[in-house]
Amino acid sequence: MKPTDTELKQAKEEAAKWAQERLADANTVICDTETTGLPSKDPDTEICQLSITDGKGKPLFSMLLKPNKPMSDEVIGIHGITNGQVQNQPMFHQVAKVISFVLEGKHVVCYNASFDVKLLWSLFKKYDQPLPKIAGASCAMDRYSEWCGEWSEKKQDWKWQKLPNLSGLPAHDAYSDCLSTLKVMELMAGEFRHEDVSADEIDLNF
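Presented here is an overview of the structure given in this document. Model, not experiment: these values are computed from the prediction.

About the thresholds
Residues numbered from 1 in each chain as written. Predicted model: local features only at pLDDT ≥ 70, side-chain atom pairs only at ≥ 80, totals over all residues. Heavy atoms only, no water. Helix = DSSP H or I, 4+ residues; strand = E, 2+ residues; numbered from the N terminus. Rg over C-alpha atoms; globule rule 2.2 N^0.38 Å. Buried < 20%, exposed > 50% of the residue type's maximum accessible area, 1.4 Å probe, protein only. Contact = heavy atoms within 4.5 Å. Areas by Shrake-Rupley, 256 points an atom, 1.4 Å probe, with all protein chains shown as cover. Lys, Arg positive; Asp, Glu negative; His and termini not counted. Charge placed at Lys NZ, Arg CZ, Asp CG, Glu CD. Polar contact = N/O pair within 3.5 Å; in protein donor to acceptor, adjacent residues only side chain to side chain. Axes fitted to C-alpha atoms, helices over the stretch in contact; angles between N-to-C directions. Left-handed = near helix turned anticlockwise from the far one by under 90°. Nonpolar A, V, L, I, M, F, W, Y, C, P; charged D, E, K, R; others polar.

A few words on the overall build of the protein. Of the regular secondary structure elements, the protein holds seven helices and nine strands. Taken against the 2.2 N^0.38 rule, which gives 17 Å for 206 residues, the C-alpha radius of gyration of the protein at 17 Å falls within 12% of a compact globule. The proportion of buried residues among the 206 residues of the protein is 49%. At a minimum sequence separation of 6, the contacts of the protein that also span at least 24 residues come to 65%. Counting only carbon and sulfur atoms, one obtains 51% of the accessible surface of the protein, whose full area is about 10700 Å². Considering the protein, the positive charge centre built from 23 side chains and the negative charge centre built from 31 side chains are found 4 Å apart.

Tracing the chain through its elements places Asn-165 in strand β8 (residues 163–165). Reaching out from Asn-165, the side chain makes a polar contact with the side chain of Ser-167 at a distance of 3.2 Å. Among the polar contacts made by the side chain of Asn-165, one reaches the side chain of Ser-180 at a distance of 3.4 Å.

What follows deals with the packing of helix α1 (residues 5–24) against helix α6 (residues 140–148). Between two packed helices, both the angle of their axes relative to each other and the distance between the axes serve to describe the pair. Between α1 and α6, the least distance of the axes is 7 Å, while the angle of their chain directions is 140 degrees. In the packing of α1 onto α6, the handedness of the crossing is left-handed. The segment α1 lies against α6, with Ala-11, Lys-12, Ala-15, Ala-16 and Trp-18 engaging Ala-140, Arg-143, Glu-146 and Trp-147. Classifying every residue of the contact of α1 with α6 gives six nonpolar, no polar and three charged.

This is the structure in structure tokens:
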């Protein structure tokens, strides 16, 4: 059933409160990945770029990673990261302890947490690495969808919103997408106006 005006207002207020709380928490980090594919189509999907920033956009970890097999032309066409660029980069298991250290005790925010966090955790398990002990995880896309207030009759839930490219940097780059996620949170929190920045949408292929 389509929400009432009161329910729409309440959802927007709750999303704004979430963004304000996360931005005020010094333990909040923003995380984004570029990958070799989609786990739903390829269970052996790995991360070829990982970025983690603090709540101000400062990079805490940001680098290319060499996956366990070459990437397809289709995937390269989406994010633009070539096999040559990752050839001499470390593999996930070689930097897993560093990633775990960065995430320790943090609340991890991803734009599509059900994708990024699940994939990240699956790689820790795949390479027999201890999972980082985080304070929590949440999805900025879910909150932004609530804040936008578009209803999907098909889902009978809030319509998923694509990540708007608010960073001003090229899309489909993990660091750029972290900054755009942060800007979305600031937008919901009322810290800047949407018209102040470029807002090209980033297709997340879900």
